[in-house]
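Examination of the molecular architecture
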Amino acid sequence: MEPVIVIPVLDDNFAYLFRYEENKAIVVDPADTTLILNEVKKHNLELTAILGTHHHWDHTAGIKELKHKTNCSVITGNQNLAGRQTLTFGNCRIKTIKTPGHTADSACFYIEPSENNDGMLFAGDTLFIAGCGRPIECDASTMWVSLQKLAALPDDTLVYPGHDYTEENYEFALTIEPENKTIQKLLEDIRKKQRQGKLTVSSTIAQEKLTNIFLRANNPAIKAAINMPNASDAEVFAELRKRKNIFG
Ligand SMILES: [Zn+2]
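Residues numbered from 1 in each chain as written. Predicted model: local features only at pLDDT ≥ 70, side-chain atom pairs only at ≥ 80, totals over all residues. Heavy atoms only, no water.

Attention now moves to the coordination of the zinc ion. Note on the zinc ion: its protein donors are His54 (NE2), His56 (ND1), His102 (NE2) and Asp125 (OD). The metal-donor distances range over 2.2 to 2.3 Å. Between the 4 donor atoms coordinating the zinc ion, the angles at the centre fall across 89 to 170°, so the site counts as irregular. The sequence pattern formed by the donor residues of the zinc ion is H-x1-H-x45-H-x22-D. With histidine 56 in the loop between strand S4 (46-52) and helix H2 (57-60) and histidine 102 in the loop between strand S7 (92-98) and strand S8 (107-111), this pair connects stretches of sequence that are 46 residues apart. For the pair histidine 56 and histidine 102, one class covers both residues: buried. (Donors = N, O, S within 2.8 Å, 3.2 Å for Na, K, Ca; no water. Tetrahedral: all angles 85-135°; square planar, octahedral: opposite > 155°, others 65-115°. Helix = DSSP H or I, 4+ residues; strand = E, 2+ residues; numbered from the N terminus. Buried < 20%, exposed > 50% of the residue type's maximum accessible area, 1.4 Å probe, protein only.)

Structure, rendered in structure tokens:
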């Protein structure tokens with residue numbers, strides 16, 4: 001069985017169904033009710049819980065109706081989640097990781113590896129493929145600390161972000177490091193995938209540490225590239241984030 005069903009919603013959001021048993025699933029960030037219920041039905045699943053990464057409507061719009069229709073439980077970052085808390089569904093263990101930055105209530109969900117699935121991270125608007133969310137409700141240094149928590153997860157963890165901003169993120173990275181051959185190649189690959197109508201998810205923590213310009217704010221080469229060789233990691237991160245906001 002395929003443990004993750006990717007459901008594109010709205011313009012560029014991703015909702016996800018995670019199957020922790022043959023017929024049981026959890027949904028992450030359901031911004032739509034009908035699309036989610038169609039997939040639930042199609043795969044003959046019972047929806048037992050909703051995980052919400054943060055309070056923005058493009059991640060939460062379907063929560064109320066889905067709960068009403070399925071009577072599933074709802075777990076979100078703005079509930080009083082402890083710093084790290086483990087939830088259990090069948091044999092599956094899910095760690096909640098508080099990641100304030102984009103919003104004060106942002107949380108990510110780390111599914112521990114099991115017989116059924118690899119380790120995986122539902123990263124909401126905290127970590128994108130090659131990018132990260134805008135720090136809206138917290139300052140950039142808080143966001144940087146949160147991103148470090150995600151970078152510390154096992155290298156082979158699959159990353160499932162809340163939006164598809166992959167192409168523009170690689171384009172932005174090349175404004176900082178125009179000669180980076182790895183990123184040039186990844187941009188080419190992602191454009192090809194998009195032309196073929198394929199989805200751009202997922203990535204891995206290892207790939208993000210290597211190619212996500214924001215996770216590399218602690219890298220001397222990046223500091224040098226933006227003329228901040230002696231600045232702190234958080235200052236470099238804040239500068240990169242500022243430039244990305246201008247870029248788009
Ligand atoms: Zn958001």
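Take the pairing of S4 next. Most of S4 is tucked away, with 6 of its 7 residues classed as buried. A crossover connection joins strand S3 (residues 24-28) to the parallel S4 through helix H1 (residues 34-42); in handedness this β-α-β unit is right-handed. Pairing of S4 with strand S5 (residues 73-76), which is carried by 4 bridges, proceeds in the parallel orientation. Residue glycine 52 lies in a different strand from S5, and its bridge partner there is threonine 76. (Right-handed = clockwise from strand over helix to strand, strands pointing away. Pairing = 2+ DSSP bridges.)

A few words now on unusual backbone geometry. With glycine set apart, most residues show a phi of negative sign, and most peptide bonds adopt trans. Cis geometry marks the peptide bond from valine 201 to serine 202; its omega dihedral reads 5°. Structurally, serine 202 can be placed in the loop between helix H6 (181-195) and strand S13 (203-204). Of note, leucine 10 is a non-glycine position whose phi angle comes to about 50°, a positive value. Classification of leucine 10 by relative accessible area gives partly exposed; the value is 44%. Here the phi dihedral of alanine 130 falls at roughly 70°; this positive angle occurs in a residue that is not glycine. Among the secondary structure elements, alanine 130 is positioned in the loop between strand S10 (127-128) and strand S11 (131-132).

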